[in-house]
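Coordinates in review
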Amino acid sequence: MLYIVSTPIGNLEDMTFRAVRMLKEVEYIFAEDTRVTRKLLQHYEISTKLDRYDEFTKMKRIPDIIKLLEEGKNIALVTDAGTPCISDPGYELVDAALKAGIQVSPIPGASALTAATSVAGISLRRFCFEGFLPKKKGRQTLFKRLAEEERPVIIYESPFRLIKTLKDIENYLGNREVIIVREITKIYEEILRGKTKELLEKLENKTIKGEIVLIIKGVNDDVDDRD
């Protein structure tokens with residue numbers, strides 16, 4: 001069986017009992033970055049064989065992993081943090097396993113997406129999730145489409161591109177209200193809320209660290225912000 005195992009997004013205590021047990025019981029763990037995952041395994045005294053599965057190796061590794069699964073081996077897939085296959089490598093392996101008739105089981109746990117939405121303080125019964133934005137090609141087209149999106153838009157962003165993205169939001173979507181959730185579950189966890197102009201003034205000359213979830217309010221919530 002193939003297990004898709006969620007791991008902590010920062011605080012190592014955010015690991016479920018079941019996830020720990022499964023990582024101990026499977027024959028192999030495939031990880032996005034073995035150095036990152038090894039720290040987690042050492043913390044929980046897990047000695048399972050660890051190997052690499054990332055964006056660069058995935059297409060070469062899939063046949064080998066499928067062969068192991070067909071031989072009856074139990075395998076866990078993890079990423080550096082959070083739930084695999086959500087803006088992280090994994091869906092191709094799951095697709096191949098399902099096509100081969102292999103059972104796939106999720107071991108749920110931490111996710112930056114759900115953690116950020118839970119503390120946003122706005123209605124998120126429906127939302128649009130875009131993951132990481134294109135860096136160049138297709139970026140302008142995407143922002144023009146998102147300008148008409150009525151649902152809140154959720155994206156993942158690097159601290160190095162946060163200012164650029166806030167400027168793009170202001171340029172294409174107007175002075176829209178944005179929630180920034182940064183360093184989730186870590187010591188310097190922070191939630192910032194405000195209009196793009198306000199946030200840019202606050203952050204433009206400040207050193208920003210940590211992975212970021214941005215939540216942009218939908219167009220109907222800010223209909224008067226295009227002046």
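The structure we're discussing is the one just above.
Structure report, in brief. Everything numeric in this text was worked out from a predicted model, so none of it was measured. (Residues numbered from 1 in each chain as written. Predicted model: local features only at pLDDT ≥ 70, side-chain atom pairs only at ≥ 80, totals over all residues. Heavy atoms only, no water.)

**Re the packing of aromatic side chains**
Across all of its chains, the model carries four aromatic pairs by this definition. Judged by centre distance (5.2 Å) and plane angle (70°), the rings of phenylalanine 129 and tyrosine 156 are edge-to-face. With phenylalanine 129 in strand S6 (residues 128–132) and tyrosine 156 in strand S7 (residues 153–157), this residue pair connects regions lying 27 residues apart in the sequence. With a relative accessible area of 28%, phenylalanine 129 lands in the partly exposed category. Looking at tyrosine 156, the relative accessible area reads 9%, which means it is buried. Each ring, one from phenylalanine 132 and one from tyrosine 156, has its centre 5.5 Å from the other, and the planes form 65°; the classification is edge-to-face. You can see phenylalanine 132 sitting in strand S6 and its partner tyrosine 156 sitting in strand S7, a full 24 residues away along the chain. Grouped by ring-pair contacts, the aromatic residues Phe129, Phe132 and Tyr156 constitute a single cluster. (Phe/Tyr/Trp six-rings, centres within 6.5 Å; stacked < 30°, edge-to-face > 60°. Helix = DSSP H or I, 4+ residues; strand = E, 2+ residues; numbered from the N terminus. Buried < 20%, exposed > 50% of the residue type's maximum accessible area, 1.4 Å probe, protein only.)

**Remarks on helix H3 (residues 58–70)**
With 13 residues, H3 extends 18 Å from end C-alpha to end C-alpha; this agrees with the ideal 18 Å at 1.5 Å per step. Regarding H3, the residues found buried are Lys58, Arg61, Ile62, Ile65, Ile66, Leu68 and Leu69. Angularly, the buried residues of H3 cover 155° about the axis, an arc narrow enough to put them on a single face. Every exposed residue of H3 that faces more than 90 degrees away from the buried side is listed here: Lys60, Lys67 and Glu70. Buried residues along H3 sit against strand S1 (2–5), strand S2 (28–31), strand S3 (49–52), strand S4 (75–78) and helix H4 (91–99). Directly beyond the C-terminal end of H3, a positive phi value near 95° is found at glycine 72. (Expected span 1.5 Å × (residues − 1). Arc of directions from axis to C-beta. Contact = heavy atoms within 4.5 Å.)

**Thoughts on helix H8 (residues 196–203)**
Side chains of residues three or four places apart in an α-helix project in the same direction, reflecting 3.6 residues per turn. Taken residue by residue, H8 has Thr196, Leu199, Leu200 and Leu203 as its buried positions. For H8, the angular spread of the buried residues around the axis is 100°, confining them to a single face.

**Overview of the pattern of salt bridges**
Oppositely charged side chains can pair when the atoms bearing their charge come close. What the rule picks out here adds up to 18 salt bridges. The partner of lysine 99 in a salt bridge is aspartate 95, and the shortest N-O contact between them spans 3.1 Å. Here lysine 99 and its partner aspartate 95 are both found in helix H4, four residues apart, which amounts to about one turn of the helix. For lysine 167, the salt bridge is made with glutamate 204, and the minimal N-O distance between the two is 2.9 Å. With a gap of 37 residues between them, lysine 167 in helix H7 (residues 162–173) and glutamate 204 in the loop between H8 and strand S10 (212–216) connect regions that are remote in the sequence. (Salt bridge = Lys/Arg side-chain N within 4 Å of Asp/Glu carboxyl O.)

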